Amino acid sequence: MTDTLDRFLFENRPLRGEIVSLDNSYQQILASADYPLAVQKLLGELMAAASLLTATLKFEGEIALQIQSEGLIRYAIVNGTHEQKLKGVARWNDDIETWPEDFTSWFKKGVLAITLTPKDGQRYQGMVALDKPSLSACLEDYFLQSEQLLTKVYLTTQSAPVAKAAGLLIQIVPTSSETSNVESNEDFEHAAHLAETVSQEEILTLPHSEMIRRLYHADDLRIFEPQDVMFFCDCSKERSAQALKNVAKQELLEIVEEDGSIKMDCQFCHSVYEFDKIDVENIHSHNLQSGNA
């Protein structure tokens, strides 16, 4: 069950569902910084949400869940691909010693931006205010307002003894009639009500197939092949060099002269890429050779 996503359909109801469990990938992201427990929780929920949302996409590409705020948590982002490769990072006010437990207290003027970037096609971004009591509720509001889809989202994390994150999504299947997707729907209410009975222990410990069957034992379900989820960072020396192309050559050479080299640290995996004088010459002559961290 480690780092796995399962998708399922209700055969006799216009509904779809997904359930995800994150262990190793979540732990790898947490290992990149000394995150406070509140930030750990937020990152875990964002990871689970990103996995669930990418599984609803009908195209190859990426999704980004990005939070910006003037509050205790200043910035957080999780990127996911259609291949279920996730990465994430957060920034927070490190002067705070005691963090409030209330979700809304972590943000001031907080906004969640959800950006869809198809491999082939136009980029799309939707936004929702972080003014609900949980990230789950904010996402449900996003789907209702931006996508006109009734959606139930359950997200949870644990920090000890082992860090884990998990999520469950129930959503009405889109139809050609927009109004039918947002009106009161008995099938959705039935499935959403049962989803609300999920306990943290169950979703963090039970195999997905057992969890799904426990919830919807009276329904005829089609469960698809599970999909692995993993932490993955696509940084490279070449990508870092692209950023340095925007800096004047003379300025780069002066940094090398003063510091011996230019070091660029990936914010997601903390790989360090080093550039010397020859690299700078190659960057501005478009001939940078492949290099390792």
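Owing to the predicted nature of the structure, the values given are computational and were not obtained by experimental measurement.

Draft legend 1. Layout of the nonpolar core. Core analysis: the largest hydrophobic core is formed by 55 residues, its most contacted members being Leu22, Leu42, Leu46, Leu65, Leu112 and Ile114. Residue contributions to this core peak at eleven residues, all from helix α2 (residues 37-54). Not counting residues within four places of it along the chain, the set of residues in contact with Leu65 comprises Leu46, Ala49, Ala50, Leu53, Ala76, Ile77, Val78, Leu112, Ala113 and Ile114. Ranked by size, the runner-up nonpolar core spans 24 residues in total, among them Phe8, Tyr154, Ile172 and Ile203.

Draft legend 2. Representation of the sheet that holds strand β12 (residues 230-231). Taken in spatial order, the six strands line up as β7-β6-β3-β4-β5-β12 in an open sheet, and their pairing is mixed. The strands lining the two open edges of the sheet, one partner per strand, are β7 (124-129) and β12. Its contacts with the sheet put helix α3 (residues 135-147) on β6 (111-118) and β7, and the angle it makes with β7 is roughly 125°.

Draft legend 3. Seen up close, the pairing of β6. With six of eight residues buried, β6 is to be regarded as a mostly interior element. Note: strand β3 (residues 61-68) against β6, eight bridges, orientation antiparallel. In the sheet register, Gly61 faces β6, and the bridge partner there is Pro118. Both β6 and β7 contribute to a ladder of six bridges, which runs antiparallel. Across the sheet, residue Thr115 finds its bridge partner in β7, namely Gln125.

Draft legend 4. Summary view of the pairing of strand β14 (residues 272-275). With burial as the criterion, only one face of β14 is covered, namely that bearing Tyr273 and Phe275; the residues Val272 and Glu274 on the opposite face remain uncovered. Two elements, strand β13 (residues 262-265) and β14, share four bridges in a ladder whose sense is antiparallel. Bridging across to β14, Met264 finds its partner in Tyr273. Where β13 folds back on β14, the antiparallel hairpin that results is connected by six residues, among which His270 adopts a positive phi of roughly 65°.

Draft legend 5. Looking closely at the packing of aromatic side chains. Summed over the entire model, instances satisfying the criterion amount to eight aromatic pairs. Between Trp106 and Phe107 the ring centres are 6.3 Å apart and the planes differ by 65°, which places this aromatic pair in the edge-to-face class. Take Phe107: its relative accessible area is 9%, and that puts it in the buried class. Taken together, Phe8, Phe10 and Tyr216 form an aromatic cluster joined through their ring pairs. In this structure, Arg7 is placed above the aromatic ring of Phe224, and the distance from its NZ or CZ to the ring centre is 4.7 Å. Above the face of the Phe275 ring, Lys237 is positioned so that its terminal group lies 5.2 Å from the ring centre.

Draft legend 6. Molecular detail of unusual backbone geometry. That bond from Ala160 to Pro161 is cis: its omega, 0°, falls within 30 degrees of zero. Mapping Pro161 onto the fold places it in the loop between β8 (151-158) and β9 (164-172). For Asp3, which is not glycine, the phi dihedral falls at a positive 50°. Here Asp3 shows up in the segment before β1 (4-10). Relative accessible area serves as the criterion here: at 5%, Asp3 is assigned to the buried category. In the Ramachandran plot, Lys109 falls in the positive-phi region, its phi being about 55° despite a non-glycine side chain. Inspection of the secondary structure assignment puts Lys109 in the loop between β5 (85-92) and β6. On the basis of relative accessible area, Lys109 is assigned to the exposed category, the value being 64%.

Cut-offs used in this document
- Residues numbered from 1 in each chain as written.
- Predicted model: local features only at pLDDT ≥ 70, side-chain atom pairs only at ≥ 80, totals over all residues.
- Heavy atoms only, no water.
- Core = buried A, V, L, I, M, F, W, Y, C linked by side-chain atoms within 4.5 Å.
- Buried < 20%, exposed > 50% of the residue type's maximum accessible area, 1.4 Å probe, protein only.
- Helix = DSSP H or I, 4+ residues; strand = E, 2+ residues; numbered from the N terminus.
- Contact = heavy atoms within 4.5 Å.
- Pairing = 2+ DSSP bridges.
- Axes fitted to C-alpha atoms, helices over the stretch in contact; angles between N-to-C directions.
- Phe/Tyr/Trp six-rings, centres within 6.5 Å; stacked < 30°, edge-to-face > 60°.
- Lys NZ or Arg CZ within 6 Å of the ring centre and 35° of its normal.

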